[in-house]
Amino acid sequence: MITAQMKLAIVIGSVRQGRFGPTVANLFVSQARQHEEFEVDVIDLADFDFPGSMVASTDVDKFARRIAAADGIAIVTPEYNHSYPGPLKMAIDSIGKPWRAKPVALVSYGGKSGGLRSVEPLRVVFAEVHAMTIRDTVSFHGVWDKFDDNGDPRDPESANAAAQVVLD
Ligand SMILES: Cc1cc2nc3c(=O)[nH]c(=O)nc-3n(C[C@H](O)[C@H](O)[C@H](O)COP(=O)(O)O)c2cc1C
């Protein structure tokens, strides 16, 4: 029996204009919301400004508080030049302790490799901040063909099944 919901923060890791990230994130968010064990907080990095100088800022504090409040985190990341986006690294580096001992799920998308070349370096980075990435991933290769014009997955069964494995 479930007594209390776990707090799951879902971080949208791409911030560029015209990004595909929210479409992929929506799928995972909707699956997480259907999963009765989770209370979901969607954190869109586009709403934050992480100063390159890493000085304290209101946005860094706000981000730190939301990650600190989470029991687990899911990162939705594209692949840029065989790795993950710079703004995502800024976000990870800008806070320290809130990542500690948290499970981190990785949801990736991109061209041929489905963003998996951003997933693997993220595992190394999260190990350094004492977080634990989980083995299973959700990954979309050729992502622009995987969703229709309404942003719905063309193959909802397999996309939702992959998301549920990660959420479980
Ligand atoms: C700067 C840049 C570099 C990219 N490099 C790769 C890459 O190395 N491998 C890949 O599979 N896709 C690559 N892509 C394709 C992206 O993964 C794809 O366009 C994805 O939608 C980007 O996420 P976004 O739309 O949320 O920004 C790249 C896209 C951009 C903008």
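Remember, it's a predicted structure, so these values are computed and weren't measured experimentally.

A.B. asks: Pulling in residues and values, what's your account of the overall build of the chain?
C.D. replies: A tally of helices and strands in the chain yields five helices and five strands. Seen in sequence order, the chain has helices and strands lined up from the N terminus as β-α-β-α-β-α-β-α-β-α. The C-alpha radius of gyration of the chain comes to 15 Å, within 12% of the 15 Å expected for a compact globule of 168 residues. In terms of overall dimensions, the chain has C-alpha extents of about 45 × 45 × 25 Å along its principal axes. Across the 168 residues in the chain, those meeting the buried criterion constitute 45%. In the chain, 76% of the contacts between residues at least 6 apart in sequence involve partners at least 24 apart. Approximately 8800 Å² of the chain is accessible, and the part contributed by carbon and sulfur atoms is 50%.

A.B. asks: Tell me about unusual backbone geometry, and please be specific about residues and values.
C.D. replies: With glycine set apart, most residues show a phi of negative sign, and most peptide bonds adopt trans. The residue Asn81 is not glycine, and still its phi comes out positive at about 45 degrees. With respect to the element layout, Asn81 can be found in the loop between β3 (72-78) and α3 (86-94). Judged by its relative accessible area of 79%, Asn81 is exposed. Although it is not a glycine, His130 sits at a positive phi angle of roughly 65 degrees. Among the structural elements, His130 can be located in the loop between α4 (116-128) and β5 (132-141).

A.B. asks: Just give me the short version of the side chain of Lys102, but keep the residues and values in it.
C.D. replies: Tracing the backbone shows Lys102 in the loop between α3 and β4 (103-110). At 6.8 Å, Asp71 is the nearest oppositely charged side chain to Lys102, a buried residue that forms no salt bridge. When sequence neighbours within four positions are dropped, the list of residues in contact with Lys102 reads Ile67, Ala68, Ala70, Asp71, Ile73, His130, Ala131 and Met132.

A.B. asks: Explain the layout of surface pockets to me, using residue names and the numbers behind them.
C.D. replies: Here the largest pocket is characterised by a volume of approximately 250 Å³. In terms of lining residues, the largest pocket is bounded by 18 residues, among which Leu8, Phe38, Pro103, Val166 and Leu167 are the most central. Of all the secondary-structure elements, those providing two or more residues to the lining of the largest pocket are β1 (6-12), β3, β4 and α5 (156-167). Among the residues making up the lining of the largest pocket, the classes are represented as twelve nonpolar, two polar and four charged. In this structure, the second largest pocket occupies an estimated 170 Å³ of space. Lining the second largest pocket are 14 residues, with Arg16, Phe20, Tyr109, Val143 and Trp144 positioned closest to its centre.

A.B. asks: Hey, could you go over the site of the ligand for me, with residue numbers and the actual values?
C.D. replies: Of all residues adjacent to the ligand, which total 16 residues, the nearest are Ser14, Arg16, Phe20, Tyr80 and Tyr109. Protein coverage of the free-state accessible area of the ligand, which is 610 Å², stands at 76%. Of the residues that constitute the shell around the ligand, the class distribution is five nonpolar, six polar and five charged.

A.B. asks: I'd like a rundown of the environment of Val15, residues and numbers included.
C.D. replies: You can see Val15 is positioned in the loop between β1 and α1 (21-34). The exposure class assigned to Val15 is partly exposed, which follows from its relative accessible area of 33%. Put simply, Val15 and Pro85 are 70 residues apart on the chain and 8.6 Å apart in space, counted from C-alpha to C-alpha. Val15 has contacts with Leu45, Ala46 and Pro87, leaving out every residue within four places of it along the chain.

A.B. asks: Talk me through α4; I want residue IDs and the actual numbers.
C.D. replies: For α4, spanning 13 residues, the distance from its first C-alpha to its last is 19 Å, which sits close to the expected 18 Å at 1.5 Å a residue. Three or more residues of α4 are buried, namely Ser118, Val119, Leu122, Arg123, Val125 and Phe126. Buried residues along α4 sit against β3, α3, β4 and β5. Looking one or two residues beyond α4, the residue adopting positive phi is His130, at roughly 65 degrees.

Reading the values: rules and limits
- Residues numbered from 1 in each chain as written.
- Predicted model: local features only at pLDDT ≥ 70, side-chain atom pairs only at ≥ 80, totals over all residues.
- Heavy atoms only, no water.
- Helix = DSSP H or I, 4+ residues; strand = E, 2+ residues; numbered from the N terminus.
- Rg over C-alpha atoms; globule rule 2.2 N^0.38 Å.
- Buried < 20%, exposed > 50% of the residue type's maximum accessible area, 1.4 Å probe, protein only.
- Contact = heavy atoms within 4.5 Å.
- Areas by Shrake-Rupley, 256 points an atom, 1.4 Å probe, with all protein chains shown as cover.
- Lys, Arg positive; Asp, Glu negative; His and termini not counted.
- Salt bridge = Lys/Arg side-chain N within 4 Å of Asp/Glu carboxyl O.
- 1 Å grid on protein atoms, 1.4 Å probe; cavity = no way out; pocket = protein on both sides within 12 Å on 5 of 7 lines; lining within 4 Å.
- Points joined across faces, edges and corners; volume = space filled by probe spheres on them.
- Nonpolar A, V, L, I, M, F, W, Y, C, P; charged D, E, K, R; others polar.
- Near = heavy atom within 4 Å.
- Expected span 1.5 Å × (residues − 1).

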